[in-house]
Amino acid sequence: MALNIVKLAVGADNIDDLSRWQDMRLKASKRETGKAQLVHTTFQTPRRQDEVLSGGSLYWVIKGVIQVRQRLVGFEEGCKEDGSPCCLFVLDPQLVVVRGKARRPFQGWRYLKPDDAPPDLSAVGADTQKLPAAMQRELAELGLL
């Protein structure tokens, strides 16, 4: 099974916020480079790239709950606006809603083992996306989601 990565979606209040931000970045990428590519910039480069690229995803934590994932399709070297080197996580633009799972805050990103990754919402047959974030977090902490 593929190794995953988990990351905080800082500033996003819900999945729609993340989706809107990523749509803007995708359009900007198309304008600036002529190539529509969705990337997330990070300082640390994963050492276990082969394991992640064998089907792994980036799981986004929104308001203390893992709520959505995106397939990781590559890693590239890049530069931040100040010229410092960074790693670019190349993402599939499709957001896949997952069963909410509480996650405490952390800095940067972390590996997420396949056994610890929440299942896709379509696989569990529930639609918790419409619940308020606070309720999702509480239900996840209680192990009910």
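Higher on the page you've got the structure.
Given the structure is predicted, the values throughout are model-derived calculations rather than measurements.

### Some points on helix 1 (residues 15–33)
Helix length check: helix 1 (19 residues) gives 27 Å between terminal C-alpha atoms against 27 Å at 1.5 Å per residue, within 8%. Turning to helix 1, its buried residues are Ile15, Leu18, Gln22, Ala28 and Ser29. Mapping the buried residues of helix 1 onto a view down its axis gives an arc of 155 degrees, with all of them on the same face. In helix 1, the exposed residues that point more than 90 degrees away from the buried face are Met24, Lys27 and Arg31. As for helix 1, its buried residues are in contact with strand 2 (38–42), strand 3 (57–62), strand 4 (65–79), strand 5 (85–91) and strand 6 (96–102). Among the residues of helix 1, the N-terminal cap falls to Asn14, whose side-chain oxygen and the backbone nitrogen of Asp16 are separated by 3.1 Å. A positive phi of about 80 degrees marks Gly34, the residue just after helix 1.

### A closer look at the side chain of Thr42
Within the fold, Thr42 resides in strand 2. Among residues more than four places away in sequence, those in contact with Thr42 are Cys86, Cys87, Phe89 and Trp109.

### Describing the packing of aromatic side chains
Applying the stated rule across the entire model yields 3 aromatic pairs. Measuring from centroid to centroid gives 5.2 Å for Phe75 and Phe89, while their planes differ by 85 degrees, and the two rings are edge-to-face. Taken together, the positions of Phe75 in strand 4 and Phe89 in strand 5 put the pair 14 residues apart, joining distant regions of the chain. On the accessibility criterion, Phe89 (0% relative accessible area) is buried. Among the aromatic side chains, those forming a connected cluster through ring pairs are Phe75, Phe89, Trp109 and Tyr111. In this structure, Arg48 is placed above the aromatic ring of Tyr111, and the distance from its NZ or CZ to the ring centre is 5.2 Å.

Reading the values: rules and limits
- Residues numbered from 1 in each chain as written.
- Predicted model: local features only at pLDDT ≥ 70, side-chain atom pairs only at ≥ 80, totals over all residues.
- Heavy atoms only, no water.
- Helix = DSSP H or I, 4+ residues; strand = E, 2+ residues; numbered from the N terminus.
- Expected span 1.5 Å × (residues − 1).
- Buried < 20%, exposed > 50% of the residue type's maximum accessible area, 1.4 Å probe, protein only.
- Arc of directions from axis to C-beta.
- Contact = heavy atoms within 4.5 Å.
- Polar contact = N/O pair within 3.5 Å; in protein donor to acceptor, adjacent residues only side chain to side chain.
- Phe/Tyr/Trp six-rings, centres within 6.5 Å; stacked < 30°, edge-to-face > 60°.
- Lys NZ or Arg CZ within 6 Å of the ring centre and 35° of its normal.

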